[in-house]
Amino acid sequence: MTVSLEVAEGVGTLRLDRPPMNALDIATQDRLKELAEEATRREDVRAVVIYGGEKVFAAGADIKEMQVMDHTAMVLRARALQDAFTAVARIPKPVVAAVTGYALGGGCELALCADFRIAGESAKLGQPEILLGLIPGAGGTQRLARLVGPSKAKDLIFTGRMVKADEAERIGLVDRVVPAAEVYTQAHAWAAQLAQGPAMALRAAKESIDTGLETDIDTGLAVERNWFAGLFATEDRERGMRSFVEEGPGKAKFL
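This structure is a prediction, so every number in the text was calculated from the model and none was measured.

Draft legend 1. Representation of the environment of Glu-109 in the model. You can see Glu-109 is positioned in helix H4 (residues 106–112). The exposure class of Glu-109 is buried, given its relative accessible area of 3%. Expressed as a C-alpha distance, the spacing of Glu-109 and Gln-142, which sit 33 residues apart in the sequence, is 9.7 Å. Setting aside its immediate chain neighbours within four residues, Glu-109 contacts Phe-85, Gln-127, Glu-129, Pro-136, Gly-137, Ala-138, Gly-139 and Gly-140. In this structure the side chain of Glu-109 is engaged in a polar contact, spanning 3.4 Å, whose partner is the backbone nitrogen of Gly-137.

Draft legend 2. Looking closely at the packing of helix H5 (residues 140–148) against helix H6 (residues 150–159). Following both chains from N to C, one finds H5 and H6 inclined at 135°, their axes separated by 7 Å at the closest point. With respect to each other, H5 and H6 are oriented oblique. In terms of crossing hand, the pair formed by H5 and H6 is right-handed. When H5 is examined against H6, the residues Gly-140, Thr-141, Leu-144, Ala-145 and Val-148 are found in contact with a partner set consisting of Pro-150, Lys-152, Ala-153, Leu-156 and Ile-157. The residue makeup of the contact of H5 with H6, split by class, is seven nonpolar, two polar and one charged.

Draft legend 3. How the structure looks around the sheet that holds strand E3 (residues 47–51). Reading across the sheet, the six strands line up as E1-E2-E3-E4-E6-E9 and stay open at both edges, with mixed pairing between neighbours. This sheet does not close on itself; its edge strands, each paired only once, are strand E1 (3–8) and strand E9 (176–178). Across the sheet, the mean angle separating the axes of adjacent strands is 20° when strand polarity is ignored.

Draft legend 4. Up close: the packing of aromatic side chains. For the structure shown, the criterion picks out three aromatic pairs. Ring geometry for Phe-116 against Trp-190: centres 4.8 Å apart, planes inclined by 10°, an arrangement best described as stacked. Within this pair, whereas Phe-116 is found in strand E6 (residues 116–120), its partner Trp-190 is found in helix H8 (residues 183–195), the two being separated by 74 residues in sequence. By the burial criterion, Phe-116 is buried, and Trp-190 matches it.

Draft legend 5. Layout of the sheet that holds strand E7 (residues 124–126). Spatially, three strands are ordered E5-E7-E8 in an open sheet, and the strand pairing comes out mixed. Lying at the two open borders of the sheet, with one neighbouring strand each, are strand E5 (102–104) and strand E8 (162–164). Adjacent strand axes in the sheet meet at a mean angle of 20°, parallel and antiparallel pairs treated alike. Alignment of E5 against E7, held across three bridges, turns out to be parallel. Within E7, the residue paired with Leu-104 across the bridge is Gly-126.

Conventions and cut-offs
- Residues numbered from 1 in each chain as written.
- Predicted model: local features only at pLDDT ≥ 70, side-chain atom pairs only at ≥ 80, totals over all residues.
- Heavy atoms only, no water.
- Helix = DSSP H or I, 4+ residues; strand = E, 2+ residues; numbered from the N terminus.
- Buried < 20%, exposed > 50% of the residue type's maximum accessible area, 1.4 Å probe, protein only.
- Contact = heavy atoms within 4.5 Å.
- Polar contact = N/O pair within 3.5 Å; in protein donor to acceptor, adjacent residues only side chain to side chain.
- Axes fitted to C-alpha atoms, helices over the stretch in contact; angles between N-to-C directions.
- Parallel < 35°, antiparallel > 145°, perpendicular 65-115°, else oblique.
- Left-handed = near helix turned anticlockwise from the far one by under 90°.
- Nonpolar A, V, L, I, M, F, W, Y, C, P; charged D, E, K, R; others polar.
- Pairing = 2+ DSSP bridges.
- Phe/Tyr/Trp six-rings, centres within 6.5 Å; stacked < 30°, edge-to-face > 60°.

This is the structure we're talking about:
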């Protein structure tokens, strides 16, 4: 399998495994969508790490596969490509990308689907599609601009240049830079900590933020308001407030 889902401590690791560069061919895209939907359904998965291994995250699409596709073939495929990445972005649980080595093209777009990105010191990220006479097609023009702003997104997409980890952190493309050997450990620790939290409140927070970024503020406030009120029907809310009153803040156990 080119992608696997392994679960430990409430954390599901979506592991890319297509040596040598984890090129995201059609079979890998489809498998990624399948496992993202499985991670969404499974109650024992409370947070997710996306990981490509110690040497590379994902160096992009399979160019040889794409080269033989004509316009008609890509019209038929483009939606499925985006749907695979959207399935990752819409996992209603905390998702962290553990980025080592190259995260280029589709690999960078996959990292953009996460809520948080931890990169190794030697990581390099970018959207080099322009160098092929193309643009990002798996969400890069949309998610990158929302994350780092339109001007910086245009810089990266127009030039196709790669950015090293320190610049990626500076512009907000990644959230934390750590030694390469610690990338997965720290990503798993971040996810495992959140996996101990109130699952429905985390889902509500993620959906409220993401929806708000995609719409006007009044609609976003309505989503927030409905989730806020709805959480008063949950056992986690009862447990959290009871713990606060009886024991003080930050001591509630949600599992």
